[in-house]
Amino acid sequence: MSAVEAAHGRTFWVLSDVWNIVRRGLTHYQRQPVNIAWQLGFPILSVLLYGYVFGSAMQVPGGGDYKDFLMPGMFVMTMAFGFINTATVVVYDSTKGVIDRFRSMPMASSAVVAGRGVTDLIIACAELAIMMLTALVMGWRPDGGWEFLAAFGLLLWLRFALIWLGVWLGLLVPNPEAAGGLFAVAFPLTMISSIFVAPQLMPDWLGWVAAWNPLSSTSAATRELFGTPVGGGDSWVEQHALLMAGLWPAVLTVLFLPLAVRRFQRLSR
Amino acid sequence: MNDGYAVRAEGLEKRYGDKRALDGFDLAVRAGTVHGLLGPNGAGKTTAVRILSTLIRLDGGRAAVAGLDVARQPREVRARIGLTGQYAAVDEVLTGRQNLEMFGRLFHLGGRRARARAGELLEQFDLTDAADKGVGDYSGGMRRRLDLAASMILAPAVLFLDEPTTGLDPRSRGEVWESVRALVADGTTVLLTTQYLEEADRLASRITVIDQGRAIADDTPEGLKNRVGGDRIEVVVAERAEIPRVMKVVARVADGEPEAEDEALRVHASVTDRVSALTEVARTLQDEGVRVEDIGLRRPSLDDVFLRLTGHRAEQTDGTRTGTARTGGKGHRAAETAETVEDKGKGTRA
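- The name recorded for chain A in an unreviewed UniProt entry is Transport permease protein, from Streptomyces composti.
- Its UniProt record gives chain A a comment under Subcellular location (unreviewed entry), which states: "Cell membrane".
- Under the heading Sequence similarities (unreviewed entry), UniProt records this for chain A: "Belongs to the ABC-2 integral membrane protein family."

**Focus on the overall build of chain A**
Argument step 1. In terms of helices and strands, chain A carries 13 helices and zero strands.
Argument step 2. Along chain A, helices and strands appear, N-terminal first, in the series α-α-α-α-α-α-α-α-α-α-α-α-α.
Argument step 3. On C-alpha atoms alone, chain A measures out to a radius of gyration of 20 Å, which is about the 18 Å that the 2.2 N^0.38 rule sets for 269 residues.
Argument step 4. The principal-axis extent of the C-alpha atoms belonging to chain A is close to 65 × 35 × 30 Å.

**Quick word on the overall build of chain B**
Argument step 1. If you tally the helices and strands in chain B, you get 13 helices and 14 strands.
Argument step 2. If you take every contact in chain B between residues at least 6 apart in sequence, the share linking residues at least 24 apart comes to 69%.

**Overview of the sheet that holds strand E12 (residues 259–261) of chain B**
All names here are of chain B.
Argument step 1. Strand order across the open sheet formed by four strands is E12-E13-E11-E14, with antiparallel pairing between neighbours. Edge positions in the sheet fall to E12 and strand E14 (292–298), since each of these pairs with one other strand and no more. Averaged over all pairs of adjacent strands, the angle between strand axes in this sheet comes to 15 degrees, irrespective of strand direction.
Argument step 2. Here strand E11 (residues 231–237) runs beside strand E13 (residues 266–271); their pairing, made up of six bridges, is antiparallel. Looking across to E13, one finds that Ile233 is bridged to Ala269.
Argument step 3. Running over the sheet, helix H9 (residues 243–253) touches E11, E12 and E13 and is turned about 10 degrees from E13.

**Describing the sheet that holds strand E4 (residues 60–65) of chain B**
Residues and elements named next belong to chain B.
Argument step 1. Ordered by their spatial adjacency, four strands build an open sheet running E2-E1-E4-E5, and the pairing between neighbours is antiparallel. Strands at the two margins of the open sheet, each flanked by one partner only, are strand E2 (19–30) and strand E5 (68–69).
Argument step 2. Bridge count for strand E1 (residues 5–16) against E4 is five bridges, and the pairing is antiparallel. Looking at the pairing, Glu13 lines up with Gly60 of E4.
Argument step 3. Strands in contact with helix H1 (residues 45–52) are E1, E2 and E4; relative to E1, the strand with the most contacts, it is inclined by about 115 degrees.

**As for the UniProt feature "domain: ABC transmembrane type-2" (unreviewed entry) in chain A**
Argument step 1. Taken from the UniProt record, the annotation "domain: ABC transmembrane type-2" (unreviewed entry) applies to residues 34–267 of chain A.
Argument step 2. With 76% helix and 0% strand, the stretch residues 34–267 of chain A has end C-alpha atoms that lie 32 Å from each other.

**Topic: the UniProt feature "transmembrane region" (unreviewed entry) in chain A**
Residue and element names in this part refer to chain A.
Argument step 1. Per the UniProt entry, the sites bearing "transmembrane region" (unreviewed entry) are residues 36–57, 69–92, 113–136, 148–171, 178–198 and 241–261 in this numbering.
Argument step 2. Note that residues 113–136 is 100% helix and 0% strand, and that its end C-alpha atoms are spaced 34 Å apart.
Argument step 3. Structurally, residues 241–261 comprises 100% helix and 0% strand, and the distance from its first C-alpha atom to its last is 30 Å.

**Here we look at unusual backbone geometry**
Residue and element names in this part refer to chain B.
Argument step 1. Non-glycine residue Thr54 carries a positive phi angle of around 70 degrees.
Argument step 2. The topology assignment puts Thr54 in the loop between H1 and E4.
Argument step 3. Positive phi values are uncommon outside glycine, yet Asp126 reaches one of about 60 degrees.
Argument step 4. On the secondary structure map, Asp126 appears in the loop between helix H4 (111–124) and helix H5 (140–151).

**Quick word on the nonpolar core**
Argument step 1. Among the nonpolar cores identified, the biggest contains 153 residues, and Leu52(B), Val65(B), Leu146(B) and Val158(B) are the most heavily contacted of them.
Argument step 2. Ranked by residues supplied to this core, first place goes to helix H4 (residues 66–95) of chain A with 17 residues.
Argument step 3. Not counting chain neighbours up to four residues away, the residues in contact with Leu52(B) comprise Val7(B), Ala9(B), Ala63(B), Val65(B), Val70(B) and Phe160(B).
Argument step 4. The next biggest cluster of nonpolar side chains, apart from the first, holds 15 residues, and it includes Val235(B), Val267(B), Ala269(B) and Val271(B).

**What to know about H1(B)**
Argument step 1. When you tally the buried positions in H1(B), you get eight out of eight residues, the bulk of the element.
Argument step 2. Remark: Thr54(B) follows H1(B) within two positions and exhibits a positive phi of approximately 70 degrees.

**Some remarks on the interface of chain A and chain B**
Argument step 1. Every contact between the two is made by 28 residues of chain A and, on the other side, 31 residues of chain B.
Argument step 2. Where the side of chain A that touches chain B is concerned, the elements lending two or more residues are helix H1 (3–6), helix H2 (10–31), H4 and helix H5 (98–103) of chain A.

**Points about the confidence of the model for chain B**
All names here are of chain B.
Argument step 1. Here chain B averages 84 in pLDDT, while 87% of its residues score no lower than 70.
Argument step 2. Taken as a whole, residues 316–350 scores under 50 in pLDDT and shows 60 contacts with residues more than four places along the chain or in a different chain.
Argument step 3. Both confidence scores are given for the complex: pTM 0.82, ipTM 0.89.

**Quick notes on the pairing of E2(B)**
Residue and element names in this part refer to chain B.
Argument step 1. Of the strand pairs in this sheet, E1 and E2 are connected by nine bridges, and their pairing is antiparallel. Looking across to E2, one finds that Tyr5 is bridged to Arg30.
Argument step 2. Connecting E1 to the next strand, E2, in antiparallel fashion are two residues, including Gly17 with a positive phi near 65 degrees.

**Concerning the confidence of the model for chain A**
Argument step 1. Across chain A, the average pLDDT comes to 91, with 99% of residues at 70 or higher.
Argument step 2. Across chain A, helix H7 (residues 145–172) of chain A holds the top mean pLDDT of 96, while H1(A) sits lowest at 72.

**Some words on the packing of H7(A) against helix H11 (residues 214–226) of chain A**
Residues and elements named next belong to chain A.
Argument step 1. Where H7 meets H11, the axes come as close as 8 Å, and the angle between the chain directions of the two elements is 165 degrees. When the interaxial angle is binned, H7 and H11 end up roughly antiparallel. Viewed along their axes, H7 and H11 form a crossing whose handedness is left-handed. Of the residues in H11, those in contact with Glu147, Phe148, Ala150, Ala151, Leu154, Leu155 and Leu158 of H7 are Thr218, Ala221, Thr222, Leu225 and Phe226.
Argument step 2. A breakdown of the residues in the contact of H7 with H11 according to their chemical character gives nine nonpolar, two polar and one charged.

Cut-off values and rules
Residues numbered from 1 in each chain as written. Chains lettered and ligands numbered in written order. Predicted model: local features only at pLDDT ≥ 70, side-chain atom pairs only at ≥ 80, totals over all residues. UniProt positions renumbered as here; feature names shortened; annotations may be inferred. Helix = DSSP H or I, 4+ residues; strand = E, 2+ residues; numbered from the N terminus. Rg over C-alpha atoms; globule rule 2.2 N^0.38 Å. Contact = placed C-beta atoms within 7 Å. Pairing = 2+ DSSP bridges. Axes fitted to C-alpha atoms, helices over the stretch in contact; angles between N-to-C directions. Core = buried A, V, L, I, M, F, W, Y, C linked by C-beta atoms within 7 Å. Buried ≥ 20, exposed ≤ 12 C-beta atoms within 10 Å, placed from the backbone. pLDDT = per-residue confidence, 0-100. Parallel < 35°, antiparallel > 145°, perpendicular 65-115°, else oblique. Left-handed = near helix turned anticlockwise from the far one by under 90°. Nonpolar A, V, L, I, M, F, W, Y, C, P; charged D, E, K, R; others polar.

Shown next, in the form of structure tokens:
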């Protein structure tokens, strides 16, 4: 134990370890800022395509402008795709031996995962800010005040839940290329939700699946809070969007956090 | 347990399902030396290193590193070891300096000392010029050196090098060897795993040969080579009728009886003074007008060592054992992937 190490307690060093992992993650973006652009490229392109190309042909049940309806959905999609980034970084670190190096050091190994999570939340804030600015430029006008903050919070809450899915998948898939393939799974999941189209406009069974998609709950709840068109829907889950937007991420966390932790512990098997 | 050994392992066992990756593996590494752990793919080298460096739990036996029990005091062990695995486990996006500073802070040096230590190591490993470049732009050898530097941040008592030169070109390989020698001169004990007899020979003062999860020999490089029979001279003749004459010529420089392979039109024998033996045989054969297709020297390979020690070829072991390592590989994927890379490398080497 070094002199500096002895001068502080265990908790201090766990927090210090987490911060150093966060710092590493943020330095990545500082050195390769274009990565944020890549990550936002798809949502921004979607806003432009759906907003301007299909926009006039799209209808929102209950009335309202489609672009206003679409924007919160785009924020949700940005958060939803975030798990792919988490998975990509984790799979890269684990296949290149970086996680092993961390685990062979006298640092807190929980910091490896916790630091990843904190980094992802910070990046998510930056992504949301950029997406919202884009939306404002396109004429989106949300309500301000605490509702705005609550909506922002619900979006981050969703992203938080998906961190664990990302870590779990990152430790599960064999190589970084396979992590890229997760996009093919994620994309349909965002389509079969209320992100782009209100579920009640879909065939009955599909609309039912879409309504129960966790992404739909966060979309509807944030639409409500931003004061933009919600797109109606009279099923129970759609009527209780705020509750479900709080509940779904909790369920996902309860499901995937233990799976991710167990997978991480299995590294020492 | 400070009896002059930096690493001691007794009866190590590691099972993956019903495969035994380690099956009663013993090892004793004297402090201040380089100890080679030599074996083909899947013999258990990486599993042994991963147990000793606290990355995976052992199923049986016991092991101490720097006098500390790896199973009961993993945290204390981690503060005294460095590990360089088969991949250069450094962050490719960060610069060399940022990497070392990050690892230094994670070794709990504190910001100021981490910065100072990073500067020292960059200089020591001859990376000062590239210090502020992204590691993605480094050559293979530079990455390896940075990787070594990262495992030297705390000046560890024991350094584990798991196939540190696999996939490197000869020049980079030489650079890594230089670095390892310098570390040992400063008092670090090194456990080096390798599949190259030459590498173990160059660096290690003692070699343990591992096969199917067990140590099958433990000797000095000299001792090991003597068992195999040292360098060999090989002469390939144009016609079978020439073989007896060649046998006679080769016998003059050989350590023992030359051996002839009639089918392959080849005569070979073990020699001590390789260069003068080659010159002598080549000149005599020319003087006597023997038609020779090829003549050359061959160093004993890992394969020769294996053939002699186990009666089977390393390649065979490889075929049956690689699967074993992979079954357990789910837990340690870096090692697993490296193995795949090696398999490919093997094809080009052969």
